[in-house]
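Structural description and commentary
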Amino acid sequence: KRRSNDDVHLVPGPPSAEGHWLWGHERDIAHNNVSGLYTRWFREYGPVVRHKGALLHPDILSIADPVTLKYVLNDNYTNFTKSVYLRPLVDRLMGKGIVWAEGDLHKRYRKALAPAFGPAHLREMADPIFDMANSLRHRLASCLQESGGSSTLDVNEYVQSFALDVVCKLQFNHDTQGGTSEDAKAIADAWSDQINEGLKSSSFYGLLVLRMFPSLGILPLSYFKAQSDIKKILSRNSMKYIVSNDSGMKEEGSELTFLALLLKRINAKGATKLSVIEVVENINTLLIGGFETTSGAIKMCLYDLAMNMDVQTKLREELVSFGREEPDFEELLTGSRLPYLDAVVKESIRLHPTGGTTDRVATNDDVLPLSQPIELPSGEQVHQIHIRAGQLIQLPMRAINVWEEGERFWPERWLNKETAPSKLGGWSNMSSFSEGPRMCLGWKLAVLEMKIAIFTLVKDFSFCDTGDTIETRISTTYQTRVVGREHEGAQLPMKVSLLEKSG
Ligand code: HEM
């Protein structure tokens, strides 16, 4: 009945026979590098692709067409919610905050949270972020000095401690002392447990079964338990600051923490009023949303530089010749004085959108517009796709970004209007932070943090490839591990050396 009522069956895609009878194409997607299969399919079949779902799930649509994306994420976004696969996962990890919310609740949260990311507040964040980047630089330098100036390190670990440092400082004005405080250790350990659980094949099957039977989320499986543990730790942490009335705010108007800003909403009147529980769930959301994604982006940028030493050298020359210890907020955000740093960061975010992939489900029947018609074998052209309520749509961000622009790491593309991406919506015509009314709220902070970290680290250290083959997988977000040493879990080894001038 479904097939006769919509156009999904007309959309081209990989043959059903290529997919597993029970797991469809979804198992192959999960067992390939992030977005790897989607990239191949978009090239082969065009920017809208149909593939087979697991466990007899109706066919799934995956989209890279800019016109269709704009329709789903922007023009008619209220008709497309996150799926029963994604929302419970978000709830288990961080609660029913802004990432989980839909409809009016989402609008209310967005209005309440947006001021935390306004320009005035962001400007105040740059100095503390530089302080934490310098403390990371010292930690790394002293570790390398102990081993003669050079060593193979899991860059993941160092960058994660920095990102956690930053987010705890901005949330609560809590100093994690380079990730060594009790609170920071509890969060980091619980986080890496759930990432490593998520990398196991069992979690892939577990999540698909859960998509079919959402109520099974209460089963005591280790992956689900690891996710709930994170939420418990985060909520306990947030409540501690709320109950002790220590929001980290020193005085009105100065160093406003996220928590202080949100606590003001408890006494607010009207649409932006929040309850204590709503504050906790949103603070948890900002902590996780701001921690893992940004640390992933910094680590992947260092990896890109390690794999492209000519780019690393060219970038270092720009940073060293900058002339001052630190660029200011505007110089960082606009890239005006550091154009190559800006290009490197954009190129890395294009190739490694650390949010990984996201999805949407149509709540009502709808018609998807296309930028180019689909040509059927009969020669007939399909100019739009009728879909039914319940249609699942995948948005594989990496494949979307590389579909027209290519997979080569080439920062120079951003230095010229002719070669810079221009077709997609979202920041710098990329899907990495999504687009429309649900676009990433923290994108400016993420870019600021990334640039500060890369600026500070690349001036003083060199990052080289170890020769290990690195594979990328999604476990909540974009993860890396070493082929042949998958059992060691998420990691990103690199040979890091202290450059002479700072020795
Ligand atoms: C490189 C780092 C980051 C990336 C790649 C990233 C990516 C994304 C993406 C793709 C979404 C949309 C997800 C969807 O709708 O399905 C999103 C939403 C969101 N992000 Fe980020 N993010 C990053 C950093 C941050 C930071 C630093 C924060 C805040 C501290 C943050 C807070 C949020 C919030 C609150 C939302 C929900 C927005 C809404 O639904 O209205 N993100 N992010």
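Residues numbered from 1 in each chain as written. Predicted model: local features only at pLDDT ≥ 70, side-chain atom pairs only at ≥ 80, totals over all residues.

When its secondary structure is counted, the protein chain shows 18 helices and twelve strands. Each principal axis of the C-alpha distribution contributes one length, and for the protein chain these read about 70 × 55 × 45 Å. Counting all 503 residues of the protein chain, 46% fall into the buried class. (Helix = DSSP H or I, 4+ residues; strand = E, 2+ residues; numbered from the N terminus. Buried ≥ 20, exposed ≤ 12 C-beta atoms within 10 Å, placed from the backbone.)

Turning our eyes to something else, we now look at the sheet that holds strand 9 (residues 461–464). Spatially, 4-12-9 is the arrangement adopted by the three strands of the open sheet, whose pairing is antiparallel. Looking at strand neighbours, the two that pair on one side only are strand 4 (150–154) and strand 9, the edges of this open sheet. Going from strand to strand, the sheet's axes swing by 30° on average, the running direction of each strand aside. As paired strands, strand 4 and strand 12 (residues 493–498) are joined by five bridges and run antiparallel to one another. Bridged to T152 within strand 12 is K495. Its contacts with the sheet place helix 13 (residues 276–307) against strand 9 and strand 12, and it is angled at close to 75° to strand 9. (Pairing = 2+ DSSP bridges. Axes fitted to C-alpha atoms, helices over the stretch in contact; angles between N-to-C directions. Contact = placed C-beta atoms within 7 Å.)

Once that is clear, we can look at the site of the ligand. In the neighbourhood of the ligand, 23 residues make up the surrounding shell, with G290, T293, T358, C440 and G442 lying closest. Here the element with the most residues in the shell around the ligand is helix 13; it accounts for seven residues. Counted by class, the shell around the ligand contains ten nonpolar, eleven polar and two charged residues. (Near = placed C-beta within 6 Å. Nonpolar A, V, L, I, M, F, W, Y, C, P; charged D, E, K, R; others polar.)

What follows concerns the UniProt feature "binding site: heme" (unreviewed entry) in the protein chain. UniProt records the feature "binding site: heme" (unreviewed entry) at C440, using the numbering of this structure. Judged by C-beta crowding, with 19 C-beta atoms within 10 Å, C440 ranks as partly exposed. Filtering out sequence-adjacent residues up to four positions away, C440 remains in contact with F433 and S434. (UniProt positions renumbered as here; feature names shortened; annotations may be inferred.)

Time to look at the nonpolar core. Residues F162, C301, L302, M450 and I454 are the most contacted members of the largest nonpolar core, which totals 123 residues. Here this core takes 15 residues from helix 13, the largest share from any one element. Among all residues touching I454, those that are not within four sequence positions of it are I298, C301, L341 and V345. If you look at the next biggest cluster of nonpolar residues, it comprises five residues, including A54, F204, L207 and L208. (Core = buried A, V, L, I, M, F, W, Y, C linked by C-beta atoms within 7 Å.)

Our focus in this paragraph is the environment of P353. Along the chain, P353 turns up in the loop between helix 16 (339–351) and strand 5 (357–362). Distance from P353 to Q194, taken between C-alpha atoms, is 20 Å for residues 159 residues apart in sequence. For P353, the residues in contact, after removing those within four places along its chain, are M397, R398, N401, S431 and S432.

For the rest of this paragraph, the subject is unusual backbone geometry. The phi torsion at N173 lies on the positive side, around 60°, for a residue other than glycine. Structurally, N173 is set in the loop between helix 8 (155–172) and helix 9 (182–199).

Glancing now at the sheet that holds strand 3 (residues 80–81). Sheet strands associate in pairs through backbone hydrogen bonding, adopting either a parallel or an antiparallel arrangement. Spatially, 1-2-8-5-3 is the arrangement adopted by the five strands of the open sheet, whose pairing is mixed. Of all the strands in the sheet, the pair left with one neighbour each is strand 1 (48–51) and strand 3. In terms of strand pairing, strand 2 (residues 60–63) meets strand 8 (residues 392–396) through two bridges, oriented parallel. Opposite L61, over in strand 8, you have I393 as the bridge partner. Across the sheet, helix 4 (residues 66–75) lies against strand 1, strand 2, strand 3, strand 5 and strand 8, angled at about 110° from strand 2, the strand it touches most.

What follows covers helix 6 (residues 103–113). Three or more residues of helix 6 are buried, namely Y109, A112 and L113. Buried residues along helix 6 cover an arc of 90° about the axis, so they all sit on one side. Pointing more than 90 degrees away from the buried face of helix 6 are the exposed residues G103 and D104. Close packing links the buried residues of helix 6 with helix 13. (Arc of directions from axis to C-beta.)

In the sheet, strand 6 (residues 366–375) pairs with strand 7 (residues 381–387) via six bridges, with the strands oriented antiparallel. Paired with E375 across the bridge in strand 7 is Q381. Hairpin geometry of strand 6 and strand 7 is characterised by an intervening segment of five residues between the two adjacent antiparallel strands and by a positive phi of about 95° at G379.

Following the sequence through the fold, A362 ends up in strand 5. Classification of A362 as buried rests on a count of 20 C-beta atoms within 10 Å. A C-alpha to C-alpha distance of 8.0 Å links A362 and I393, two positions 31 residues apart in sequence. Not counting chain neighbours up to four residues away, the residues in contact with A362 comprise N79, F80, I387, A389, G390 and Q391.

Okay, the packing of helix 13 against helix 18 (residues 443–460) next. At a closest axis distance of 10 Å, the pairing of helix 13 and helix 18 adopts a crossing angle of 40°. If you check the angle between helix 13 and helix 18, you find them oblique. Helix 13 and helix 18 meet at a crossing whose hand is right-handed. Residues G290, T293, T294, A297, I298, C301 and L305 of helix 13 form the contact with helix 18, whose participating residues are L445, A446, E449, M450, A453, I454 and V458. A breakdown of the residues in the contact of helix 13 with helix 18 according to their chemical character gives ten nonpolar, three polar and one charged. (Parallel < 35°, antiparallel > 145°, perpendicular 65-115°, else oblique. Left-handed = near helix turned anticlockwise from the far one by under 90°.)

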